[in-house]
Amino acid sequence: GFDYIEPIELRYVDPSYAFAAPIYKTGTTLWWGPSGSSDDFNITLAVYSQDGSQLLGYVSCTGADSGMMTIPGQYLNFPTWSLVAVHMTRYKEDRVVFEKMNGYVDVQLYWSVVGTGHIE
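Conventions adopted
- Residues numbered from 1 in each chain as written.
- Predicted model: local features only at pLDDT ≥ 70, side-chain atom pairs only at ≥ 80, totals over all residues.
- Heavy atoms only, no water.
- Pairing = 2+ DSSP bridges.
- Helix = DSSP H or I, 4+ residues; strand = E, 2+ residues; numbered from the N terminus.
- Polar contact = N/O pair within 3.5 Å; in protein donor to acceptor, adjacent residues only side chain to side chain.
- Contact = heavy atoms within 4.5 Å.

**Student:** Mind showing me how you'd approach the pairing of strand β8 (residues 103-119) here?
**Tutor:** Two faces belong to every sheet, and in a regular strand the side chains alternate between them. Where strand β2 (residues 21-23) meets β8, 3 bridges bridge the pair, whose relative direction is parallel. From the neighbouring strand, I23 faces β8, where its bridge partner is I119. Here strand β7 (residues 83-98) runs beside β8; their pairing, made up of 16 bridges, is antiparallel. Bridge pairing links V96 to V105 in β8. The loop that links β7 with its antiparallel partner β8 comprises 4 residues; one of these, N102, has a positive phi angle of about 55°.

**Student:** How should the side chain of S49 be read in this particular structure?
**Tutor:** Position of S49 relative to the elements: it lies in the loop between β4 (40-48) and β5 (55-64). At a separation of 3.2 Å, a polar atom in the side chain of S49 contacts the main-chain amide nitrogen of S53. Residues contacting S49, with those up to four places away along its chain left out, are Q54, L56, S82 and L83.

Below, the structure written as structure tokens:
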């Protein structure tokens, strides 16, 4: 799981605070913890029009579970105040020996959290 996610506004669950987290057009950094596992980490931003009626696009970045990731500004060229769903996922895919079947088992583990923000 996650003990913390920053900016903290991503975690707001009260609907009156929805989409409070700023996602900066110049680039934005997101943090999480705990971190440092051997797993991979993916952040996907789904960007919608200001009224939420149109999907404008996706931005997806994957890297190590280091506790932080910066989304470069060159990928955030969306209108100011566009709504953003922020999907943060720690995942591991592996293949392990399963001797009883004289074969392998593919293992997939995903742990996700979704927050909301807006483009600034």
